[in-house]
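The lines below spell out each chain.
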Amino acid sequence: MLKLLKGLGLAVALSATSIMLAKVLDSSISPLIYAIVLGLVVGNVIPKLAHGSWQPGLDFCKKRLLRLGVAFYGIHITVQHIASVGAGALVVDVIMLASTLGLGYVLGKRWLGLDTPTSLLVGAGSAICGAAAVLATEPVVRAKPQQTTVAVGTVVIFGTLAMFIYPLLYPLLGMTKAAMGIYTGATIHEVAQVVAAGEAMGSDVAQTAVITKLTRVMMLAPVLVLLGHWLSRSSDAGAVRAPQPWFAYGFILVVVINSVVSLPTAWVDTIKYLDSWALTMAMAALGLSTHLSELKSVGWKPMALGAILFLHLIGTGFLVTQLATTWF
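Since we're looking at a predicted model, the values are computed, not measured.

> What is the right way to read the environment of Val256 from this model?
Mapped onto the elements, Val256 comes out in helix α12 (residues 246-260). Counting along the chain gives 204 residues from Val256 to Gly52, while the straight-line C-alpha distance between them is 41 Å.

If you want it as C-alpha cells, here you go:
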C-alpha cells in the first residue's frame, strides 16, 4: 500500500486543481478535461514523475480506480429517467450511438488506416459520453495512453464546438423544444456540454436534453460488454484481445439499485462526489503517462475522424430526430 502513496498523492493534487479550475473558470468544461491537460503538461515538463516510485500509484489510478469510477458512474441514471423522455428519444439515442460507433471503426480503420483501439476510442467518445466513455473503453480495447489522450482531445475540441453551435442553429432549424432537447442530448459529446448548450436554449430544452443524454450514457455498459465480446472473437483484433469488462456489469447494477431503491439524497450526492474524484484522478494519471512525442506520432488522422463523426452527429442526428419525433 505504501508504494502507491506517491503516485496517488500526485493524482490527488492534480485532481484537486482540476476540480477547482472547473468551478472557477467554466463549469461547462468537465474536471476530467482539466485533469488530462494538467497531467500532460506536468508529465512532459517533469518526465520522472511518470516513472520510478511514482508509477505504482499512477497505474492504480489508471486501472483499478478507473474501473471503480466507471461502475459508480451509474449513480447518475435511473430507469425512470429513460421512461420520462419517451420512445422517440430512445430510438434517436440507439440509432446515433450505433451509427457513430460503427462509422468510427469503419472509417478509422479501413479508410484512414488507424489502429483498432484509436478508431474505437474516438468512436466511443463521440457516440456515448465523451471523455468518460473513452476512459471506460480504454481497458476493453487495451489502448495505449497516447491513443486514449488523442481520443479525449477529439471530444474536447468537437464537443466544445457543438456547445456553441447548437444554440446558434436552434432558431434556424424550426424544431420544437422537445425535439431540440432530444437532438442536443443525443448528439453532443459530454454531459456538461449538453447542460451548457441546453441552458443556452432554455430550461425546457435543457431538461429534455439532459435526460436524453443520460439515457445515452446508460447504454455505455451494454456497449462495452458487446464490444469486449466482439473483440475477443474478431480475427483482426490481434493483440487487442479484450478482457471481460466486469466494471460494466457494476455500472448496470448501480443503475438498477438507484432505480428500485430510494437511496438517501446525501448518499447519492456523496457517491457522485467520490466518483467524480475517481475519474478525475484516473484522467490525471493518464495525462502524466502520455508524452507529446507519442502524440505527434499518431498524426492528424484521429482528429480527421473526430471531425467526420462530428459532422455525422450534426447532420444525421438532425434527420433522425425529425423522423423519430414525427413517428413517435
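> When you look at a nonpolar patch on the surface in this model, what are you seeing that I'm missing?
Together, Trp246, Tyr249, Ile252, Leu253, Val256, Ile257, Val260 and Val261 make up a nonpolar patch on the protein surface, roughly 750 Å² of accessible area in all. Note that Leu253 resides in helix α12.

> Would you mind going over the nonpolar core with me for this structure?
Nonpolar side chains in soluble globular proteins tend to end up buried together. Within the largest apolar cluster, 68 residues are counted, with the highest numbers of intra-cluster contacts made by Ile128, Leu220, Phe251 and Met283. Counting residues per element, this core draws most heavily on helix α13 (residues 265-288), which supplies ten residues. Every residue in contact with Phe251, bar those within four places of it in the chain, is listed here: Val70, Ala71, Tyr73, Gly74, Ile77, Val217, Met218, Leu220 and Ala221.

> Hey, could you run me through helix α1 (residues 5-24) in this one?
The α-helix advances 3.6 residues per turn, and as a result positions three or four apart in sequence lie on the same side. Over its 20 residues, α1 extends 28 Å from the first C-alpha to the last, a length consistent with the 28 Å expected when each residue adds 1.5 Å. For α1, every residue scored as buried is listed here: Gly7, Leu8, Leu10, Ala11, Leu14, Ser15, Ser18, Ile19 and Ala22. Here the buried residues of α1 occupy an arc of 165° about the axis, which is enough to place them on one side. Looking at α1, the residues exposed on the side facing more than 90 degrees away from the buried face are Lys23 and Val24. Buried positions along α1 lie against α2 (31-45), α3 (55-72) and α13.

> What am I meant to see in the pattern of salt bridges here?
Opposite charge on two side chains allows them to pair when their charged atoms are near. The full count for this structure, using the stated rule, is two salt bridges. The residue Lys62 makes a salt bridge to Asp59 at a minimum N-O spacing of 3.5 Å. With Lys62 and Asp59 both in helix α3 and three residues apart, the pair spans about one turn of that helix. One salt bridge connects Asp204 with Lys177, and the closest N-O pair in it is separated by 3.6 Å. In this pair, Asp204 is assigned in helix α10 (residues 203-218) and Lys177 in helix α8 (residues 177-187), connecting sequence segments 27 residues apart.

> How do you make sense of the side chain of Thr100 when you look at a structure like this?
Its place among the elements puts Thr100 in helix α4 (residues 79-111). For Thr100, a relative accessible area of 0% puts it in the buried group. Filtering out sequence-adjacent residues up to four positions away, Thr100 remains in contact with Gly123, Ser126, Ala127, Leu309, His312 and Leu313.

> Would you take a moment to explain the environment of Leu292 for this structure?
Looking at the secondary structure, you find Leu292 in helix α14 (residues 292-298). In this structure Leu292 comes out as partly exposed when scored by relative accessible area, which is 41%. In sequence terms Leu292 and Gly43 are 249 residues apart; their C-alpha atoms lie 9.4 Å from each other. With near-sequence residues (within four places) excluded, Leu292 lies in contact with Leu40 and Asn44.

> Just checking my understanding: could you explain the packing of aromatic side chains for this structure?
One pair of aromatic rings is described through two measures. These are the centre distance and the angle between the planes. Summed over the entire model, instances satisfying the criterion amount to five aromatic pairs. Geometrically, the ring pair formed by Tyr105 and Trp230 is edge-to-face, given 5.1 Å between the ring centres and 90° between the ring planes. Taken as a pair, Tyr105 in helix α4 and Trp230 in helix α11 (residues 220-233) lie far apart in primary sequence, 125 residues in all. Given the relative accessible area of 34%, Trp230 is considered partly exposed. Taken together, a centroid distance of 6.1 Å and an interplanar angle of 70° make the contact between Tyr183 and Phe318 edge-to-face. Here the residue Tyr183 occupies a position in helix α8, and Phe318 occupies one in helix α15 (residues 301-327), the gap between them amounting to 135 residues.

What counts, and where the lines are drawn
- One numbering rule holds for all chains: residues counted from 1, following each sequence as written.
- Two thresholds apply to this predicted model, a pLDDT of at least 70 for residue-level local features and 80 or more for giving and counting side-chain atom pairs, whereas whole-chain, interface and lining totals are computed over all residues.
- Remark: hydrogens and water are excluded; side-chain values derive from all non-hydrogen atoms of the structure.
- A run of H or I in DSSP becomes a helix once it reaches four residues, and a run of E becomes a strand once it reaches two; helices and strands are each numbered from the N terminus.
- Without a salt bridge and with relative accessible area above 30%, a residue can belong to a patch; like charges are then joined within 9 Å and nonpolar side chains (Val, Leu, Ile, Met, Phe, Trp, Tyr) within 5 Å.
- Accessible surface is estimated by sampling points in the Shrake-Rupley manner with a 1.4 Å probe; for residues, cover comes only from the protein chains shown.
- One speaks of a salt bridge when a side-chain nitrogen belonging to Lys or Arg is within 4 Å of a carboxyl oxygen belonging to Asp or Glu.
- What we call a nonpolar core is a set of buried Ala, Val, Leu, Ile, Met, Phe, Trp, Tyr and Cys residues that are connected through their side-chain atoms within 4.5 Å.
- Per-residue accessibility, obtained with a 1.4 Å probe over protein chains only, is compared with the maximum for each type, and a residue is labelled buried under 20%, exposed over 50%, and partly exposed between these values.
- Between two residues, a contact is recorded if the distance between any of their heavy atoms is within 4.5 Å.
- Multiplying 1.5 Å by the residue count of a helix minus one yields the expected span of that helix.
- Our arc is simply the arc of the directions from the helix axis toward the C-beta atoms.
- Between rings of Phe, Tyr and Trp, where Trp is taken as its six-membered ring, a pair exists when centres lie within 6.5 Å; planes separated by under 30 degrees are stacked, by over 60 edge-to-face, and by other angles tilted.

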